[in-house]
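Each chain is listed here by its residues.
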Amino acid sequence: MNLVMIMVTIASALSVILALIAFWLPLMNPDYEKLSPYECGFDPLGSARLPFSLRFFLVAILFLLFDLEIALLLPLPWGDQLSSPLLTFTWASLVLTLLTLGLIYEWLQGGLEWAE
């Protein structure tokens, strides 16, 4: 137990030190070139801080959600070797059903339409 506490303390201290260094180093020597937005080597024509469309974020989150779902369901064929394979397949079916219902709801609400 002592070794675990030592490792947690070292990891926490290292994380805090690296975070402080990461915040402190950029403040030492700021210049105009580092602070300006980079746009293919040219000066920006307009504001470089334009907000993204909310639909872009929605589609990105949906992609991540379904990508994570696939990653979690990939080991499912080996679920029949567990002690209760029926329970495993029931939970997997429940997850798939909930995600499918969420996708259908999002589709019916028009969240996946790019043009209005």
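Residues numbered from 1 in each chain as written. Predicted model: local features only at pLDDT ≥ 70, side-chain atom pairs only at ≥ 80, totals over all residues. Heavy atoms only, no water.

## Some words on the overall build of the chain
Part 1 of the reasoning: For the chain, the count of helices and strands is four helices and zero strands.
Part 2 of the reasoning: Its helices and strands taken in sequence order, the chain reads α-α-α-α from the N to the C terminus.
Part 3 of the reasoning: Expressed as a percentage of the 116 residues in the chain, the buried residues total 7%.
Part 4 of the reasoning: A separation threshold of at least 6 residues defines the contact pool for the chain, and within that pool the share at least 24 residues apart is 52%.
Part 5 of the reasoning: Surface summary for the chain: the accessible area is close to 10,600 Å², and the carbon and sulfur share equals 74%. (Helix = DSSP H or I, 4+ residues; strand = E, 2+ residues; numbered from the N terminus. Buried < 20%, exposed > 50% of the residue type's maximum accessible area, 1.4 Å probe, protein only. Contact = heavy atoms within 4.5 Å. Areas by Shrake-Rupley, 256 points an atom, 1.4 Å probe, with all protein chains shown as cover.)

## A look at the UniProt feature "transmembrane region" (unreviewed entry) in the chain
Part 1 of the reasoning: The sites that UniProt annotates as "transmembrane region" (unreviewed entry) are residues 7–27, 52–74 and 86–108.
Part 2 of the reasoning: Secondary structure over residues 7–27 splits into 86% helix and 0% strand, and the C-alpha atoms at its two ends are 31 Å apart.
Part 3 of the reasoning: A helix fraction of 87% and a strand fraction of 0% characterise residues 52–74, whose end C-alpha atoms lie 33 Å from each other. (UniProt positions renumbered as here; feature names shortened; annotations may be inferred.)

## Quick notes on a nonpolar patch on the surface
Part 1 of the reasoning: A contiguous nonpolar patch, built from Leu14, Ile17, Leu18, Ile21, Trp24, Leu25 and Met28 and spanning about 720 Å² of accessible area, is present on the exposed surface.
Part 2 of the reasoning: Mapped onto the elements of the fold, leucine 14 is located in helix 1 (residues 2–24).
Part 3 of the reasoning: Note on leucine 14: relative accessible area 49%, which makes it partly exposed. (Patch = residues over 30% accessible without salt bridge, like charges linked within 9 Å, V, L, I, M, F, W, Y side chains within 5 Å. Salt bridge = Lys/Arg side-chain N within 4 Å of Asp/Glu carboxyl O.)

## A few points about helix 3 (residues 54–73)
Part 1 of the reasoning: Here helix 3 contains 20 residues, and its C-alpha end-to-end distance of 29 Å stays within 8% of the 28 Å for a straight helix at 1.5 Å per residue.
Part 2 of the reasoning: All buried positions along helix 3 are accounted for by Leu62, Glu69 and Leu73. The arc that holds the buried residues of helix 3, viewed along the axis, is 25°, so those residues lie on one side. In this structure, helix 3 carries Ile61, Phe63 and Leu64 as exposed residues pointing more than 90 degrees from its buried face. (Expected span 1.5 Å × (residues − 1). Arc of directions from axis to C-beta.)

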